[in-house]
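Single-letter residue listing:
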Amino acid sequence: MSNRTTVIPFGPQHPVLPEPLHIKFVVEDETVVGAIPQLGFVHRGLESLVRTKDYNQMVFVVERICGICSCIHANCYCNALENMMGITAPPRAQFLRVIWSELHRIHSHLLWLGLFADAFGFESVFQQFWRIREHVMDICEATAGNRVILSVNVVGGVRRDLAPDQIRWMLGRLDELQKGMRELTNTMLDDYTVQERTRGIGYLSKDDARLLGAAGPTLRGSGWEIDERMHGYAAYNDLNFIPVVENDGDCYARAKVRFYEVLHAMDLIREALNRLPESELTVKVPGNPDGEAVFRVEQPRGELFYYIRANGTKYLERMRVRTPTFANVPPLLHMLPGCKLPDVPVIVLSIDPCISCTER
Amino acid sequence: MFFEAKDVTPETLLAEVQRLANARCRFVTMSQTVVDENTLRLFYHFDENLTMSDLRHNPEMCVWSPTDAKGMVHLRMDVDKNMPIPSISSIYFCAVLIENETQDQFGVRFAGLPLDYQGGMYLEGEVTHAPYFTMTTVRRPAAAAKAESAKGDQA
């Protein structure tokens, strides 16, 4: 270690981090030359609850792995169990799952876009993104009864339906949301200051993104056309879904992917609402699950993976969850060396770290 | 079994993983499950769909033969909890976190980890038993060495 080398602790409490993550930065003058993460501040051991909660109760536990994408966790868990039990949720339930999942994607991305603007000091954009995010939170509350933890998924379908007047009201709120997003397009994507702080920063090449196992917008921002929704789970197979891909591999590219994913998610919700099929909301579940299954879905932050092992009783033997932030930490450690210290918050935030997801 | 996994052994693991790396597969994660009081089963999950354009709209553009419908390859390996497990992080650096997590939760050891938290990635120092393999002690070589040296000093 040379005389000019200093170790600077970053987090676990830091203005840009909504959740606790600690990284030790080795810096030479203003340049980062190494980064070592420390986890474990919010590890709850939720996976071990499969021993004490039955597989139906676990739906509510997995929703609490992460508040911001709770519905998508439950969607993945239910899909894995439905595959194992040889049942398929009814078509209307599949469409409703897409609608609530995309609402979560929108509010997660808007939350992130606000925090990201805040990270490089653009306070007014931060406020604007969070203002229009309230449209989504209102829709969640009106349709599911809660703003964040929706609790709409059950094994075999969903617990709530949308009435025709709710659908009309949702379409109106989505129009307002879209108008708000369009107004922010130039400010967020064309502004000189934004580009100055994000372009060419935190570069992740296409090959490195693959080798380091990146997921979600971090992967797509480096040019990979990979999105679990392409596999057509739930009703994505019937909707006109196209992944958003950028090639530059920097913080700006990742922000752009998320920005356009918000607009695309609105299109998907509109399409799903307009084509909502008539059917039951649930199917009968035959007994207890038995066997092993894996399932992947696309969270706002990327690929979410569930491994489940069941033994024919109502308690699962093992559940393992791999969340997208867990996959994006190694790429983050690769992006940081070589960057300047003032860019660190922007780069760390560019993977949209969700630590409660990561540590479970 | 709702996914097909290829069986590997600690001796053949690295060669198999290298073959997947050469085929440009993306490492997704590992899963672990306890088989009996001495055996841990590890699954290595890989994504092989990095070369597709759009599975739904252009299936003819897929240039790979997916092992299952979701474009994944799975390896399965049973290991003795007392034997060191070869780390694949020399091939896929991104495996370093999940291998450390496995050390925390199941009390096993991976050999050749470039960043080794020695069972302390999530767990505090006072935790002595691996929470998911409850009859197994968390292995912390550094702590053990320190304790040994303290014993020696006292003697």
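Conventions adopted
Residues numbered from 1 in each chain as written. Chains lettered and ligands numbered in written order. Predicted model: local features only at pLDDT ≥ 70, side-chain atom pairs only at ≥ 80, totals over all residues. Heavy atoms only, no water. Helix = DSSP H or I, 4+ residues; strand = E, 2+ residues; numbered from the N terminus. Buried < 20%, exposed > 50% of the residue type's maximum accessible area, 1.4 Å probe, protein only. Axes fitted to C-alpha atoms, helices over the stretch in contact; angles between N-to-C directions. Parallel < 35°, antiparallel > 145°, perpendicular 65-115°, else oblique. Left-handed = near helix turned anticlockwise from the far one by under 90°. Contact = heavy atoms within 4.5 Å. Nonpolar A, V, L, I, M, F, W, Y, C, P; charged D, E, K, R; others polar. Pairing = 2+ DSSP bridges. Buried area = accessible area lost by both parts, 1.4 Å probe. Salt bridge = Lys/Arg side-chain N within 4 Å of Asp/Glu carboxyl O. Polar contact = N/O pair within 3.5 Å; in protein donor to acceptor, adjacent residues only side chain to side chain. Phe/Tyr/Trp six-rings, centres within 6.5 Å; stacked < 30°, edge-to-face > 60°. Lys NZ or Arg CZ within 6 Å of the ring centre and 35° of its normal. Core = buried A, V, L, I, M, F, W, Y, C linked by side-chain atoms within 4.5 Å.

J.: Can you tell me about the environment of Arg-26 of chain B, naming the residues and giving the values?
T.: Residues and elements named next belong to chain B. Here Arg-26 lies in strand β2 (residues 26–36). On the accessibility criterion, Arg-26 (1% relative accessible area) is buried. Residues Arg-26 and His-45, 19 residues apart in the sequence, show an inter-C-alpha distance of 8.8 Å.

J.: Give me the lowdown on the packing of helix α3 (residues 91–119) of chain A against helix α5 (residues 164–190) of chain A, citing residues and values where you can.
T.: Residue and element names in this part refer to chain A. Look at α3 against α5: their axes get within 13 Å of each other, and the N-to-C directions meet at 30°. As judged from the angle between their axes, α3 and α5 are roughly parallel. Considering how the two elements wind past one another, α3 and α5 form a crossing that is left-handed. Contacts from Ile-99, Leu-103, Ile-106, Leu-110, Leu-113 and Phe-116 of α3 reach α5 at Met-170, Leu-177, Met-181 and Met-188. In terms of residue class, the contact of α3 with α5 is made up of ten nonpolar, no polar and no charged.

J.: Summarise the sheet that holds strand β2 (residues 22–28) of chain A; cite the residues concerned and give the values.
T.: Residue and element names in this part refer to chain A. Read from one edge to the other, the open sheet built from three strands follows the order β1-β2-β3, with strand pairing classed as antiparallel. The sheet terminates laterally at β1 (5–10) and β3 (31–38), the two strands that pair on one side only. Strand after strand, the sheet turns through a mean of 20° between neighbouring axes, direction not considered. Where β2 meets β3, seven bridges bridge the pair, whose relative direction is antiparallel.

J.: Hey, could you go over the interface of chain B and chain A for me, with residue numbers and the actual values?
T.: Accessible area lost upon the coming together of the parts is a frequently used measure of interface size. Across the boundary between the two partners, chain B contributes 45 residues, which contact 53 residues of chain A. With both sides pooled, the region where chain B packs onto chain A buries about 4200 Å², and carbon together with sulfur makes up 56% of that total. Our count for the contact surface shared by chain B and chain A stands at four salt bridges. Two residues, Arg-320 of chain A and Glu-101 of chain B, come together in a salt bridge whose shortest N-O distance is 2.9 Å. Across the contact surface, chain B and chain A share eleven residue pairs in polar contact (both at pLDDT 80 or more).

J.: Break down the pairing of strand β7 (residues 302–311) of chain A for me, with residues and values.
T.: Residues and elements named next belong to chain A. Among the ten residues that make up β7, nine are buried, leaving the element largely enclosed by the rest of the structure. One ladder, built from ten bridges, connects strand β6 (residues 290–299) with β7; its direction is antiparallel. Bridge assignment links Glu-292 to a residue of β7, and that residue is Arg-309. Where β6 folds back onto β7 in an antiparallel hairpin, the turn is made up of two residues. Here β7 pairs with strand β8 (residues 316–322) via six bridges, running antiparallel. Bridging from a neighbouring strand, Tyr-307 pairs with Arg-320 of β8.

J.: Hey, could you go over the packing of aromatic side chains for me, with residue numbers and the actual values?
T.: What describes a pair of aromatic rings is the distance from one ring centre to the other and the angle between the planes of the rings. Residue and element names in this part refer to chain A. In total, this model carries eleven aromatic pairs over all chains according to the counting rule given. Taking the centre distance of 4.5 Å and the plane angle of 20° together, the rings of Trp-112 and Phe-116 count as stacked. Within this pair, Trp-112 and its partner Phe-116 are both found in helix α3, separated by four residues, close to a single helical turn. Of the two residues examined, Trp-112 and Phe-116, each falls in the buried class. Lying across the ring of Trp-112, Arg-258 places its NZ or CZ 4.2 Å from the centre. When the ring centre of Phe-326 is taken as origin, the NZ or CZ atom of Arg-320, which lies over that ring, is 5.9 Å away.

J.: Can you explain unusual backbone geometry? Please cite residues and give values.
T.: All names here are of chain A. In this model, Asp-29 sits at a positive phi of 55°, which is unusual for a non-glycine residue. Following the sequence through the fold, Asp-29 ends up in the loop between β2 and β3. Notably, Ser-151 is not glycine yet its phi reads approximately 50°, a positive angle. Take Ser-151: it is sitting in the loop between α4 (123–144) and β4 (153–154).

J.: Describe in detail the nonpolar core, supporting the description with residues and values.
T.: One finds Tyr-77 of chain A together with Tyr-44 of chain B to be the most contacted residues of the largest nonpolar core, which totals 164 residues. For this core, the leading source of residues is α3 of chain A, giving 16 residues.

J.: Summarise the pattern of salt bridges; cite the residues concerned and give the values.
T.: All names here are of chain A. Applying the stated criterion to the full structure yields 38 salt bridges over all chains. Here Arg-199 makes a salt bridge to Asp-248, at a shortest N to O gap of 3.5 Å. A residue pair is termed long-range when its members are at least 10 positions apart, and Arg-199 in the loop between α6 (192–198) and α7 (206–211) and Asp-248 in the loop between α8 (217–220) and α9 (251–274) qualify at 49 residues. The class of Asp-248 is partly exposed, set by a relative accessible area of 38%.

J.: So what about the packing of α4 of chain A against α5 of chain A? Which residues, and what values?
T.: Residue and element names in this part refer to chain A. Between α4 and α5, the least distance of the axes is 10 Å, while the angle of their chain directions is 165°. Put simply, α4 runs roughly antiparallel to α5. Crossing angle aside, the handedness with which α4 passes α5 is left-handed. Residue-level contacts link Val-125, Gln-128, Phe-129, Ile-132, Glu-134, His-135, Val-136, Asp-138, Ile-139, Ala-142 and Thr-143 of α4 to Gln-166, Trp-169, Met-170, Arg-173, Leu-174, Glu-176, Leu-177, Gly-180, Met-181, Leu-184, Thr-187 and Met-188 of α5. Residues that form the contact of α4 with α5 fall into these classes: 13 nonpolar, six polar and four charged.

J.: So what's going on with the side chain of Ser-87 of chain B? Which residues, and what values?
T.: Residues and elements named next belong to chain B. Summarising the element assignment, Ser-87 is placed in the loop between β5 (85–86) and α2 (95–106). Among the polar contacts made by the side chain of Ser-87, one reaches the side chain of Ser-89 at a distance of 2.5 Å. Only 2.5 Å separates the side chain of Ser-87 from the side chain of Glu-99, close enough to count as a polar contact. Not counting chain neighbours up to four residues away, the residues in contact with Ser-87 comprise Leu-14, Glu-99, Phe-110, Ala-111, Gly-112 and Leu-113.

J.: Lay out the sheet that holds strand β4 (residues 72–80) of chain B with the relevant residues and their values.
T.: All names here are of chain B. Taken together, four strands build an open sheet; the order of strands is β1-β4-β3-β2 and the sheet is mixed. Strands at the two margins of the open sheet, each flanked by one partner only, are β1 (6–7) and β2. When β2 meets strand β3 (residues 39–47), the two strands line up antiparallel, connected through nine bridges. Residue pairing in the sheet places Ser-31 in a bridge with Phe-43 of β3. In the packing of helix α1 (residues 13–22) onto the sheet, contacts are made with β1, β3 and β4, and the angle to β4 comes to roughly 165°.

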